[in-house]
Amino acid sequence: EKLTIYCEEKGVNLVGVLFNCAEPEAITKALVRIKASKICFPKDLLLGAYANRLTPVAPDWTLEGSDAPQPMRDDLSPEQYYTEFVSRWVEEYNVRMIGGCCGVTPDHISYIRNQLVK
């Protein structure tokens, strides 16, 4: 709702919304909320999803208190990323911009591309 208000106030033509650098589960939740929303988004609004492969970040985590990088998940292979998340985003939520962020590798992107061009 805040996004549409901002766009109206600033005269912004909203073309797309990209969810970036979040766990794929969080991106799915956001897409569910947009689909269920009573807010009038443009019918041709482009949706995008660039999930990361990081383990969940603890609510009390701080960069200053960390002595190591955030670990990567070991349950998100290219096949798993596509099968469990990307295919659903494309089919159920009409997501058209797909990619990845921290920890999503060229192998993930290649696998997604190969699946989508079939």
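Conventions and cut-offs
- For every chain, the first residue of the written sequence is number 1, and numbering continues from 1 along that sequence.
- Note on the predicted model: pLDDT of at least 70 is required for a residue's local features to be given, and 80 or more for side-chain atom pairs to be given and counted; whole-chain, interface and lining totals, by contrast, use all residues.
- Side-chain figures throughout are based on the complete set of non-hydrogen atoms in the structure, without hydrogens or water.
- One bridge is not enough; two strands pair if DSSP finds at least two bridges between them.
- In DSSP terms, a helix is any run of H or I states spanning at least four residues, a strand is any run of E spanning at least two, and both are numbered starting from the N terminus.
- An axis is simply a line fitted to the C-alpha atoms; with a helix, the fit covers only the stretch in contact. Between two such axes, the angle follows the N-to-C directions and lies from 0 to 180 degrees.
- Throughout this description, the term nonpolar core refers to a set of buried Ala, Val, Leu, Ile, Met, Phe, Trp, Tyr and Cys residues connected via side-chain atoms within 4.5 Å.
- Throughout, exposure labels follow a simple rule: accessible area from a 1.4 Å probe, protein chains only, divided by the maximum for the residue type, with under 20% read as buried, over 50% as exposed, and the rest as partly exposed.
- The criterion used for residue contact is that any of the two residues' heavy atoms lie within 4.5 Å.
- Two axes enter the bend calculation: one fitted to the seven residues ending at the residue in question, the other to the seven starting there, and the bend is the angle between them.
- What sets the label is the angle itself: under 35 degrees gives roughly parallel, over 145 gives roughly antiparallel, 65 to 115 gives roughly perpendicular, and the rest give oblique.
- Handedness of each helix crossing follows the sense of rotation of the near helix against the far helix: counterclockwise by less than a right angle gives left-handed, clockwise gives right-handed.
- Basically, the charged four are Asp, Glu, Lys and Arg, the nonpolar ten are Ala, Val, Leu, Ile, Met, Phe, Trp, Tyr, Cys and Pro, and anything else, Gly included, counts as polar.
- Seen with the strands pointing away from the viewer, any crossover whose path from the first strand over the helix to the second strand runs clockwise is right-handed.
- Grid points spaced at 1 Å and placed over the protein atoms alone form the basis of the search, with a cavity being a set where a 1.4 Å probe fits but cannot get out and a pocket an open set showing protein on both sides within 12 Å along at least five of seven lines. Lining residues have an atom within 4 Å of a point.
- Grid points are joined across faces, edges and corners, and a volume is the space filled by probe spheres set on the points.

S.K.: Looking at this model, I keep getting lost on the sheet that holds strand 2 (residues 46-51). Mind explaining?
M.R.: Pairing between the strands of a sheet is mediated by backbone hydrogen bonds and can be parallel or antiparallel. The three strands lie next to each other as 1-2-3, forming an open sheet whose pairing is parallel. The outermost strands of the open sheet, each flanked by one partner alone, are strand 1 (16-20) and strand 3 (97-100). This sheet shows a mean twist of 10 degrees between the axes of neighbouring strands, independent of strand direction. Here five bridges tie strand 1 to strand 2, and the two strands are oriented parallel to one another.

S.K.: Explain the nonpolar core here, please?
M.R.: General note: in soluble globular proteins, nonpolar side chains tend to be found buried as a group. In terms of nonpolar packing, the biggest core is built from 25 residues, with L31, Y81, V86, W89 and V95 touching the most fellow members. Only strand 1, helix 2 (24-36), strand 2 and helix 3 (78-93) provide two or more residues apiece to this core. It is helix 3 that provides the largest number of residues to this core, a total of seven residues. The residues contacting W89, other than those within four sequence positions of it, are P24, I27, T28, L31, A49, A51, Y81, N94, V95 and I98.

S.K.: Sorry if this is basic, but what is going on with helix 3 here?
M.R.: Given 3.6 residues to a turn, an α-helix orients residues that are three or four positions apart in the same direction. By the largest-angle criterion, V86 marks the main kink of helix 3, which is about 35 degrees. Regarding helix 3, the residues found buried are P78, Y81, Y82, F85, V86, S87, W89, V90 and Y93. Of the surrounding secondary structure, the elements contacted by the buried residues of helix 3 are helix 2, strand 2, strand 3 and helix 4 (106-116). Directly beyond the C-terminal end of helix 3, a positive phi value near 60 degrees is found at N94.

S.K.: Just to check I follow, could you spell out the packing of helix 2 against helix 3 for this structure?
M.R.: Helix-helix packing is described using two parameters, namely the angle between the two axes and the distance between the axes. Contact pair helix 2 / helix 3: the axes reach a minimum separation of 11 Å and the direction vectors enclose 15 degrees. The angle between helix 2 and helix 3 places the two elements in the roughly parallel class. For the pair helix 2 and helix 3, the crossing hand works out as left-handed. For the pair helix 2 and helix 3, contact is made by P24, E25, I27, T28, L31, V32 and K35 and by Y81, F85, R88, W89, E92 and Y93, respectively. For the contact of helix 2 with helix 3, the per-class residue count stands at eight nonpolar, one polar and four charged.

S.K.: Explain the pairing of strand 3 here, please?
M.R.: The side chains of a regular strand alternate, first on one face of the sheet and then on the other. In terms of strand pairing, strand 2 meets strand 3 through four bridges, oriented parallel. Bridging from a neighbouring strand, A51 pairs with G100 of strand 3. In this region the chain leaves strand 2, passes through helix 3 and returns to the parallel neighbour strand 3; the handedness of that crossover is right-handed.

S.K.: Looking at this structure, I do not really get the layout of surface pockets. What am I missing?
M.R.: Remark: the empty space left among the atoms is shown by a probe the size of a water molecule rolled over them. Counted as a void, the largest pocket has a volume near 320 Å³. Contributing elements (two or more residues each) for the lining of the largest pocket: helix 2, strand 2 and helix 3. Of the residues assigned to the lining of the largest pocket, the class counts are eight nonpolar, two polar and five charged. In this structure, the second largest pocket spans a volume of roughly 250 Å³. Forming the walls of the second largest pocket are E1, L3, T4, V17, F19, A30, R33, I34, S37, I39 and F41. Those elements that place two or more of their residues in the lining of the second largest pocket are helix 1 (2-10), strand 1 and helix 2. No other element matches helix 2, which puts three residues into the lining of the second largest pocket. Looking at the lining of the second largest pocket residue by residue, the class counts come to seven nonpolar, two polar and two charged.

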